[in-house]
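What follows is each chain in one-letter form.
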Amino acid sequence: MKTIKAKLILLIATIVLTFAACGSESSESKIISNAKEIVNKDLSDDISINTCLYNKETNAVYLKFYSFEHGNDEAIILLDDSSVFYEGIYSTIKDDDYDKIIEYGDYTIMKYQIENNDEKWTEIELQSN
């Protein structure tokens, strides 16, 4: 009787662990899905991601993406406060628009790091559907 009970408990535990392992999302795919959700919500459009980099130190994500409504763009998303900084906006800032220049200061620094292959930024492999 004890062995049947033990086998049944082992079987149930195995099933529960299997479902937990299959249902859990990897931390990298969670980072991508969180960043994508923030941009989708901000643009009111569904984006497709071409490139994704992550900076663990600043908890920031860099995306190259395509939006049907807005076309190709790039963005840096600060996951801690869901801030989004778009290359499309950054490239249109006038030299005397100091408020916008200050607002995009972190973007400028992070974009410089990415362009110069700073090791703090690591590429996240995109899952093919």
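Up top you'll find the structure we're talking about.
Analysis parameters
- Residues numbered from 1 in each chain as written.
- Predicted model: local features only at pLDDT ≥ 70, side-chain atom pairs only at ≥ 80, totals over all residues.
- Heavy atoms only, no water.
- Helix = DSSP H or I, 4+ residues; strand = E, 2+ residues; numbered from the N terminus.
- Buried < 20%, exposed > 50% of the residue type's maximum accessible area, 1.4 Å probe, protein only.
- Contact = heavy atoms within 4.5 Å.
- Areas by Shrake-Rupley, 256 points an atom, 1.4 Å probe, with all protein chains shown as cover.
- Polar contact = N/O pair within 3.5 Å; in protein donor to acceptor, adjacent residues only side chain to side chain.
- Core = buried A, V, L, I, M, F, W, Y, C linked by side-chain atoms within 4.5 Å.

A. The arrangement of the overall build of the chain in detail. For the chain, the count of helices and strands is five helices and five strands. For the chain, the succession of helices and strands along the chain, N to C, is α-α-β-β-β-β-α-α-α-β. In the chain, which comprises 129 residues, the proportion classed as buried is 33%. Contacts in the chain between residues far apart in sequence, at least 24 positions, make up 38% of those at least 6 positions apart. Surface exposure of the chain reaches about 9300 Å², of which carbon and sulfur atoms provide 54%.

B. Layout of the environment of S83. Structurally, the position occupied by S83 is in strand 4 (residues 83-86). For S83, a relative accessible area of 19% gives the class buried. Measuring from C-alpha to C-alpha, the distance between S83 and D42 comes to 9.6 Å, with 41 residues separating the pair along the chain. Ignoring anything within four residues of it in the chain, the contact list for S83 reads I76, I77 and L78. At 2.7 Å, the side chain of S83 forms a polar contact with the side chain of D81.

C. Examining unusual backbone geometry more closely. The phi dihedral of N59 is positive, around 50°, even though this residue is not glycine. Tracing the backbone shows N59 in the loop between strand 1 (47-55) and strand 2 (60-67). Non-glycine residue N117 carries a positive phi angle of around 55°.

D. Structural context of the nonpolar core. V39, L63 and I77 are the most contacted members of the largest nonpolar core, which totals 31 residues. If you list the elements that add at least two residues to this core, you get helix 2 (27-43), strand 1, strand 2, strand 3 (71-78), strand 4 and helix 5 (105-115). For this core, the element with the highest residue contribution is helix 2, accounting for six residues. With residues near it in sequence (within four places) discarded, I77 still touches A35, I38, V39, N59, A60, V61, L63, S83 and V84.

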